[in-house]
Amino acid sequence: MSENKEDRHVLTGRHFMNGDTACAEGAMAAGCSFFGGYPITPSTEIAERLARRLPEVGGVYIQMEDELASIASVLGASWTGARSMTATSGPGFSLMQENIGLGAFTETPCVIVNVQRGGPSTGLPTLVSQADMMQARWGSHGDYPVVAYCPASCQEMFDLTVLAFNMADRLRTPVFVMADEAIGHMTERVVIPDKSGIEHVVRKRPHAGPMDGLLPYEAEGSMVPPMPRVGRGYRIHVTGLTHDERGYPATDAATHDQLVRRLAGKLTRFAPEIIRIEEVQMEDAEVVLVAYGSTSRSARHAVTILREEGLPVGMLRLITAWPFPGDRIAQLAERGCRFVVPELNLGQMALEVERYARQPTTRVNHAGGQSLTPDQIAEVAREAMTCAREKSWSAITS
Amino acid sequence: MSENKEDRHVLTGRHFMNGDTACAEGAMAAGCSFFGGYPITPSTEIAERLARRLPEVGGVYIQMEDELASIASVLGASWTGARSMTATSGPGFSLMQENIGLGAFTETPCVIVNVQRGGPSTGLPTLVSQADMMQARWGSHGDYPVVAYCPASCQEMFDLTVLAFNMADRLRTPVFVMADEAIGHMTERVVIPDKSGIEHVVRKRPHAGPMDGLLPYEAEGSMVPPMPRVGRGYRIHVTGLTHDERGYPATDAATHDQLVRRLAGKLTRFAPEIIRIEEVQMEDAEVVLVAYGSTSRSARHAVTILREEGLPVGMLRLITAWPFPGDRIAQLAERGCRFVVPELNLGQMALEVERYARQPTTRVNHAGGQSLTPDQIAEVAREAMTCAREKSWSAITS
Amino acid sequence: MTVVRRPLDQSVLTIPRGQTYIIPQRCKGCRFCIDFCPKDVLEESTDINSKGYHYPVVSAGKEEACIQCTFCTLVCPEFAIYTEEIEPETL
Amino acid sequence: MTVVRRPLDQSVLTIPRGQTYIIPQRCKGCRFCIDFCPKDVLEESTDINSKGYHYPVVSAGKEEACIQCTFCTLVCPEFAIYTEEIEPETL
Amino acid sequence: MRQEVRLAGFGGQGIILAGYIVGKAAALYDDREAILTQAYGPEARGGACSAELVLDDVPIDYAMLNTPSILVLMSQEAYEKFGKHAEPQTTVIVESDLVEGAPAEWPGIPATRIAEELGTRISANIVMLGFLTAVTRLLSHEAMEESITTSVPARTVELNLRAFAKGYEFGLQRTEVAI
Amino acid sequence: MRQEVRLAGFGGQGIILAGYIVGKAAALYDDREAILTQAYGPEARGGACSAELVLDDVPIDYAMLNTPSILVLMSQEAYEKFGKHAEPQTTVIVESDLVEGAPAEWPGIPATRIAEELGTRISANIVMLGFLTAVTRLLSHEAMEESITTSVPARTVELNLRAFAKGYEFGLQRTEVAI
Amino acid sequence: MCPREIVVSDHKLDPILRSDRLPHIWCPGCGLGPAMACFANAIQESDIPVDKHVCVSGIGCTGRVAGYLNVDSFHTTHGRAIPFATGLKLSNPDLKVTVFSGDGDLFAIGGNHMLHAARRNIDITVICVNNFNYGMTGGQLGPTTPYAARTTTTPYGNPEGPLNIPHLVAALGAVFVARWTVLHVRQLQKAIAYALNKEGFTFIEVLSPCPVGFGRPNDLGDGIDEMQFYRQQSIVDDRAPLESVGIDMSKESTLVLGNFVDRERPVYQPMGTEPPEQREQTAVYHPADPEVKAREAP
Amino acid sequence: MCPREIVVSDHKLDPILRSDRLPHIWCPGCGLGPAMACFANAIQESDIPVDKHVCVSGIGCTGRVAGYLNVDSFHTTHGRAIPFATGLKLSNPDLKVTVFSGDGDLFAIGGNHMLHAARRNIDITVICVNNFNYGMTGGQLGPTTPYAARTTTTPYGNPEGPLNIPHLVAALGAVFVARWTVLHVRQLQKAIAYALNKEGFTFIEVLSPCPVGFGRPNDLGDGIDEMQFYRQQSIVDDRAPLESVGIDMSKESTLVLGNFVDRERPVYQPMGTEPPEQREQTAVYHPADPEVKAREAP
Ligand SMILES: Cc1ncc(C[n+]2csc(CCOP(=O)(O)OP(=O)(O)O)c2C)c(N)n1
Ligand SMILES: Cc1ncc(C[n+]2csc(CCOP(=O)(O)OP(=O)(O)O)c2C)c(N)n1
Ligand code: SF4
Ligand code: SF4
Ligand code: SF4
Ligand code: SF4
Ligand code: SF4
Ligand code: SF4
Ligand SMILES: [Mg+2]
Ligand SMILES: [Mg+2]
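All of these numbers come straight from a predicted model, not from anything done at the bench.

Caption draft 1: Spatial organisation of the site of ligand 5. By nearness alone, every residue bordering ligand 5 is listed as D:C37, D:P38, D:V41, D:C66, D:I67, D:Q68, D:C69, D:T70, D:F71, D:C72 and D:T83. Of the residues assigned to the shell around ligand 5, the class counts are eight nonpolar, three polar and no charged.

Caption draft 2: Representation of the coordination of the magnesium ion (ligand 9) within the structure. Residue and element names in this part refer to chain G. Coordination of the magnesium ion (ligand 9) by the protein comes from D103 (OD), N131 (OD1) and N133 (O), over a distance range of 2.1 to 2.2 Å. In primary sequence terms, the donor set of the magnesium ion (ligand 9) follows D-x27-N-x1-N. Linking D103 in helix α4 (residues 103–108) with N131 in the loop between β5 (125–130) and α6 (165–172), this pair joins segments that are 28 residues apart in sequence. Judged by relative accessible area, D103 falls into the buried class, the value being 1%. A residue is classified by how much of its surface remains accessible, and N131, at 6% relative accessible area, is buried.

Caption draft 3: Geometry of the interface of chain A and chain B. With 59 residues of chain A at the interface, the matching set in chain B holds 59 residues. Together, the buried faces of chain A and chain B total about 4900 Å²; carbon and sulfur atoms form 64% of this surface. The largest share of the area that chain A buries against chain B comes from A:P120, A:W138 and A:H141, three residues that together contribute 15% of it. On inspection of chain A and its partner chain B, the count reaches two salt bridges. Our count for the chain A to chain B interface comes out at 30 residue pairs in polar contact (both at pLDDT 80 or more). Among the secondary structure elements, those contributing two or more residues to the side of chain A that touches chain B are α4 (90–105), β6 (124–128), α5 (133–138), α8 (253–274), α11 (349–357) and β16 (362–365) of chain A. A per-element tally of the side of chain A that touches chain B places α4(A) first, with nine residues. For the side of chain A that touches chain B, the residue count by class is 22 nonpolar, 27 polar and ten charged.

Caption draft 4: Focus on the pairing of strand β8 (residues 174–180) of chain B. All names here are of chain B. In terms of burial, β8 is a largely internal element, seven of the seven residues being buried. Judged from the seven bridges that link them, strand β5 (residues 110–118) and β8 form a sheet pairing that is parallel. From the neighbouring strand, C110 faces β8, where its bridge partner is P174. Both strand β7 (residues 147–149) and β8 contribute to a ladder of three bridges, which runs parallel. If you follow V147 over to β8, its bridge partner there is V175. In terms of handedness, the path from β7 via helix α6 (residues 154–171) over to β8 forms a crossover that is right-handed.

Caption draft 5: The arrangement of the coordination of the magnesium ion (ligand 10) in detail. Surrounding the magnesium ion (ligand 10) are the protein donor atoms H:D103 (OD), H:N131 (OD1) and H:N133 (O), which sit 2.1 to 2.2 Å from the metal. If you list the donors of the magnesium ion (ligand 10) from N- to C-terminus, the spacing comes out as D-x27-N-x1-N.

Caption draft 6: The packing of aromatic side chains, seen in detail. Applying the stated rule across the entire model yields 36 aromatic pairs over all chains. Geometrically, the ring pair formed by A:F93 and A:F176 is edge-to-face, given 5.3 Å between the ring centres and 80° between the ring planes. You can see A:F93 sitting in helix α4 and its partner A:F176 sitting in strand β8 (residues 174–180), a full 83 residues away along the chain. You'll find A:F93 and A:F176 in the same group, each marked buried. Every member of this aromatic cluster is reached through a ring pair, and the members are A:W79, G:F74 and G:F84.

Caption draft 7: Up close: the sheet that holds β16(A). All names here are of chain A. Here five strands make up an open sheet; going across it, the order is β11-β13-β12-β15-β16 and the pairing mixed. The outermost strands of the open sheet, each flanked by one partner alone, are β11 (277–280) and β16. Adjacent strand axes in the sheet meet at a mean angle of 20°, parallel and antiparallel pairs treated alike. Bridge count for strand β12 (residues 287–291) against strand β15 (residues 338–343) is three bridges, and the pairing is parallel. Within the sheet, the bridge partner assigned to V287 lies in β15 and is R338.

Caption draft 8: Quick look at unusual backbone geometry. Residues A:W322 and A:P323 are joined by a peptide bond in cis, for which omega reads -5°. Mapped onto the elements, A:P323 comes out in the loop between β14 (320–322) and α10 (326–334). Residue B:P120 is reached from B:G119 by a cis peptide bond, and omega for that bond is 5°. Here B:P120 shows up in the loop between β5 and β6 (124–128). Even without glycine at this site, C:F79 takes up a positive phi of about 55°. Checked against the element boundaries, C:F79 lands in the loop between α2 (71–75) and β4 (81–90). In this structure, G:M249 is a non-glycine residue whose phi angle is positive, near 60°. As for its position among the elements, G:M249 is in the loop between β8 (234–236) and β9 (255–262).

What counts and how
- Residues numbered from 1 in each chain as written.
- Chains lettered and ligands numbered in written order.
- Predicted model: local features only at pLDDT ≥ 70, side-chain atom pairs only at ≥ 80, totals over all residues.
- Heavy atoms only, no water.
- Near = heavy atom within 4 Å.
- Nonpolar A, V, L, I, M, F, W, Y, C, P; charged D, E, K, R; others polar.
- Donors = N, O, S within 2.8 Å, 3.2 Å for Na, K, Ca; no water.
- Helix = DSSP H or I, 4+ residues; strand = E, 2+ residues; numbered from the N terminus.
- Buried < 20%, exposed > 50% of the residue type's maximum accessible area, 1.4 Å probe, protein only.
- Contact = heavy atoms within 4.5 Å.
- Buried area = accessible area lost by both parts, 1.4 Å probe.
- Salt bridge = Lys/Arg side-chain N within 4 Å of Asp/Glu carboxyl O.
- Polar contact = N/O pair within 3.5 Å; in protein donor to acceptor, adjacent residues only side chain to side chain.
- Pairing = 2+ DSSP bridges.
- Right-handed = clockwise from strand over helix to strand, strands pointing away.
- Phe/Tyr/Trp six-rings, centres within 6.5 Å; stacked < 30°, edge-to-face > 60°.
- Axes fitted to C-alpha atoms, helices over the stretch in contact; angles between N-to-C directions.

If you want it as structure tokens, here you go:
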């Protein structure tokens, strides 16, 4: 490997690496230069990899005393202009919630990886689940914007981590990579392009101009205000209190409403850019499997099985979970599709599907600890297909 | 006042007190003997009142070092057989999430009061909002049972706190009182009955029998296992790991799924007991205002205004927010009702209404900082009524 | 702007002297400046400001007494008073 | 059940003696008991247990050597060895 | 009938207690419905302060004020903020020593001075309540007295009742003059 | 063709590394698709340990094993847990010194002893890989060698290649005998 | 002859303040103003350009300081100022990062971060205003509230023993530990200026009156009375044994002030930016710079 | 003549263990077994009935102790054992509550609760197994990991200085502070037994081998090697100045063991259960009970 520090950011080449490592390499390739974290199964390998890798490029790895400190350090680092991140799992994600709210409210870009394990509480630390999906949306108090991606392979652990950094900087907001233990701990081929093949969105900076009059929360029509760095003479003030465009505290309902709505509005406005879905055999699908993360691999396999049986089943894979691709679900519902939602939880994203589909869905759930098998999913989808055709849908939904 | 300690529990009589104080008196009347908390506006008055009141009856008030410690102490106290509680607001509620999961997973009864203020982050500490409703449902990682009540008056701050304690013991689960600043800080008449008028559900204890073979997580058909106290020779083990009926850690998916589903199932089974709603002028209502907490007061006023105009508008007040009274919403939707959901957030409970109604709702939102006025609500409801009658509903929903 | 005082040429034989500046509207009447001035230079005004507080004024006869110790500048919670060094009196 | 040893009648002239009890299946072969026994009472078995570990056995000629110091009982991480006091030998 | 009352002044004047006493008199001793709310905010720290009451004969849903029927102003700042924009139908009562520039027809009382004369400067709020009761007949004299009795520290009851009486008396005179 | 491989033994034998080498050989040097998973759990702490591989010619969706085509057993415990219930179609390979009671027709190699003879007891896993390659032809000899070269610490490459060769040789003999 | 006072409308410190936000929200008689003034002066006195100064606060009355100082400033969440500051500093070592917050923020909810930042010797300065209570929320018990003191949550008197802040922070390994009151403005300013220029985790406790939350409920009176109390009861002793400098605020008690600890320990360097030198633990307290030596209160 | 060893299937400590859960999950050569055995013996030796003993753990290898002891026991969340225990104890003062957890659990994520429980002098015993790393998650840096040590998250050596646990806990006000290794089983058991019987916040640090997470990566070898290291490098000094008892685990370093602090301070009493007596701060270290005086390792 070259001794040039710059070169060590992007580990160009074909690799056989596990999902956590691929995530860490995605961060490296994206130019992440600060990781503040606290070990927790099954995300620890991300920290371990970055503890080795970041110093190679002059970046900072610091293991903080807990997850509260980790996320706070990540927010602080972001204001220096650094791309910063942390990685955790359910219990740590719960502890981060207060400062996730601070990050969202102060529009501080950063990446937070949650490699989901069995919950609630300490649960099944070493085994898979997908039960923090709703927490990602609602875990902190108040209304705030949320972007979450769900990798389904080691390659996507890499790719979506890069995307997460870009989207964080694009939108000035924390972005979640909602991985799961099965993906984090599996080892697959990961192909890393050379540096020129890595997309890099540059964080919008304030235009040259008088530093003193800067309004760091003035959205300038784009809904995303440019972000100054500390130490550059802007004399910015950043507060978790409701604040005006200057960044100063404001104690009035109107400013609050306007700010909270702008933050939500950012996501609505940029939803087309944020949202990624993959559609598999959807052209003629009557029953749609809506799946994400490791479960989507079983679902994809189930589609293959069912198609072999001649059944018109397709899969819509949520690469982006939040903002939820509800419009597409609504379209499909109008087309007459029925939905089967396999998840490693008691039905979380299924709630959103139901809302947009305006119909109940068939859920395939396991609380966690093992993957759903393609057969389990196929069986339910088969049944759903029969009911759909017999128009007796409601019989099988709860 | 009598010198008999017993008598000081229930402050029988007519009082003019604020909502926070009424909540504290509700806890006293319910026999709460442990409060572990940390001050935070606008819930601080609950702590302050209990700091004065609990020592009068030999109870324990302890101000912990933070909210993480507060909720942990409350869970510990509960295992001694005590009725224990804490009170907080958004930022503190966020910090409590990890141990709320522990409480739910270990089936530890306790009461957690959240007097909601403007969020996210530090937001508007002294002003009202209702933006933690979804957080109450999804704030901790994993799937777990949630019960939440929403008081709309000082009297209900008292009544629902008593109910919360009873339901916590009935179901062996943490119960939330999701108040809001407007209710916490308003002062009204509160009538406290004498002791005999206070309902008291006794926590189910293990039957007499061999202590050693006790299965503290065996549900005995009722889905709610009896709860032993520490120090009584049962040699119980309690863990936040997935556990079997003996309480021992289990690392298998089947035990996990079974446990997580039983916890969810408890709520489904007891939903009729848990769920309280109030219906106002609903007999012939075509448009239904679904409201809760302080906002329901404005909504009630709006109903009066609209009825005076001859419009068939009613209100369904969510006294219980979680589990969500979805069946009633579904019934009303089938009856042809349209829903208007005023909330001091960007639309949270409206999401649930939509899911069960299988139709979009009209939302009346303010992010927080001030109450919605009856006029604001009435105006939207009037419009909704017109659209409903013209069957052009979709035009006004987003 | 010179905020920190760096006397350029100060012989051992001079005592620094200060001129008092006051922003009456800012004062909240805490008396910190008045009670702790080592030279008792200040006293309460008879007037009140718009918030109803008696702000400090230089006592009669104390016009030359300020030794520019800057204590009042530092201790005032409201940034309502400060002093600037003036030509020292040579003893 | 007497778990804690409370010798009832122990003159200054007696040295306590112990009998060694072993649960071979529990042993994980850490050697703590063997290496630190003050009287070198123990050695590795030639047999292995089902997990493949050499558990401790009393060395030949050391049958009487245990002074019932209970060190092995306390230090064994696997609760695989303990001793019980037996009739002391009077010197 | 819905009545809305705002008491405004600065921290330390006992504005909230005054509001509490009025609300309690209504809710517990005069068989009316009453809600007290108050403005919070870090800005209030030692500064402006106000208590807002809604009284009615039927249960009160909406607790925020639309247009107060009665406004009690105990500081210049309160006058600037609320008094200047008072609607014509609002009865405005002022602490006449602390508020400058108020229309002459507004009932006024030097409550602080009267309280000081009674030797208890901090009872200015209670003097004001006496005055309010006399001038507006918002609540019965008995209810107000009972509310004061149960709301102030036991050892100060007597003093406060005297303060109330003083204010009430002053009010009666003023009313006689005015009517 | 989907192939499922399980390597099982105890912690410290380098089971996971062995699995990694196989997977990498397939994914990077033999142009196949490969996924490696492993059993985690606190119970694994110093105890049983297994690596699971799925190899295929098309992208692999589902990474869990149904019925392994190849089972490599490096401990008695692994044999008790997996070997005893092996399906007839599964090729089972054992560390013959560490597993007792396995059917004679199962290919076996005293990998640990051979490694010890090479002076590197911890390369038993690589010896086993050589044997596996020879006996099953799961992956090409070259791919395996390349995978070992890029996966073990640089200074141990040569030794490990020797270990691999030894195992491979032993396997060829065994294969000759068996077939 | 010079005039008496000259009435002006701007203060000479205004440029370092966000003067458009004045008046601040603090109560009359509160000590936060002087504490902030000393910090503002020290910033200007420091060798570091103002643009490189960053102030990070948590939540509380003290936490509002970040919002009034005209430097890059952050008003974070309750208790998390130190880890936030750690991220800033490590990610841009050119910055001079100062945490300015309250006793509750830094030692109740934020205590763990204090512990580890001091242990690691992160190169930041921490200024803690100790007003013996939670001012912002209305005067509740805090970790420094003296034994038996009345607060709104200890109506029968505080049953807890208070934290001895300098003792703890010194035990944690801070390289500079001082305590002053807001009456001792010159010493305070000097101590801050010294800390700002010193590498490593430097810490200053500032005793400050809070008439609303602490003074009045505990018969200490108004701000001015608590200041008088400081004047009467303070002694300066740089070499006081730190286990003896606990504060009980009783009428006869002594407030021991001083620059208690001044030592060298290797500063935290994340691996990779620079290989850290061998670290040795120095546990000796030796105030080193005569400039920060204590003087009597004015 | 007596037989050689007698082979049995139950251990005499089994009744105080949840022996149905054995074998435990700990690695061969791990020191947690002996630490638990000492605690189990001390429980039985204590004057308190076994049924009144409660053990509370956080998360970690050490945290599993609660699940193996046959007393009422709680395996809570990472870092929160102490506040959980506080709730138990205050709500039922008849209980004897012991927190048994790891260095990371009690001093990294849980450090703040240690700080305040010790300050308040909550009447619980805390036993901290220090294995110089996070064992459970696979050997990462912890707050006690020595400077320059290798862990999976300090591949280039640890840049942080480690916590000196007895020094910190003593500064916080614990009434009993001891340190032993798992080789010093008798002294450890005695110290625990003493702590269990003493009122107030009592604390014992237990040094313990973790071959997987710490020993092997740092060339200390297996469990037995680390035990040998303890034997060779330990000295017992009850009166050692606590700022000097930091541990760096280098080959030549000394491990200072002993019952360092034994003093009286008023125990936390929530108001209302009993009016607390006037509290005084005693800062003197004086091991008081000859029973817990140190002896040499066997
Ligand atoms: C998580 C959280 N808990 C509680 C609060 C409420 N709160 C705000 S400031 C404060 C205490 C402030 O005390 P201190 O740090 O001493 O500052 P002071 O106001 O005394 O200067 C509290 C408890 C909060 N904002 N966030
Ligand atoms: C909130 C949270 N963060 C992280 C973890 C992961 N985790 C479990 S145990 C542990 C550290 C254990 O270290 P220590 O307390 O020293 O115990 P040991 O295993 O060394 O005995 C960590 C980080 C967790 N369970 N919960
Ligand atoms: S500078 Fe000093 S002497 Fe002059 S007025 Fe101010 S305090 Fe008094
Ligand atoms: S110190 Fe400032 S606020 Fe206080 S009296 Fe003097 S000028 Fe006024
Ligand atoms: S009791 Fe002591 S002497 Fe006897 S075998 Fe055990 S360690 Fe050796
Ligand atoms: S101490 Fe226990 S586990 Fe270790 S060798 Fe002896 S019997 Fe075996
Ligand atoms: S409450 Fe206390 S600390 Fe806060 S501003 Fe007022 S006096 Fe200052
Ligand atoms: S990892 Fe370390 S502490 Fe954990 S069981 Fe293994 S040896 Fe013990
Ligand atoms: Mg404070
Ligand atoms: Mg550890």
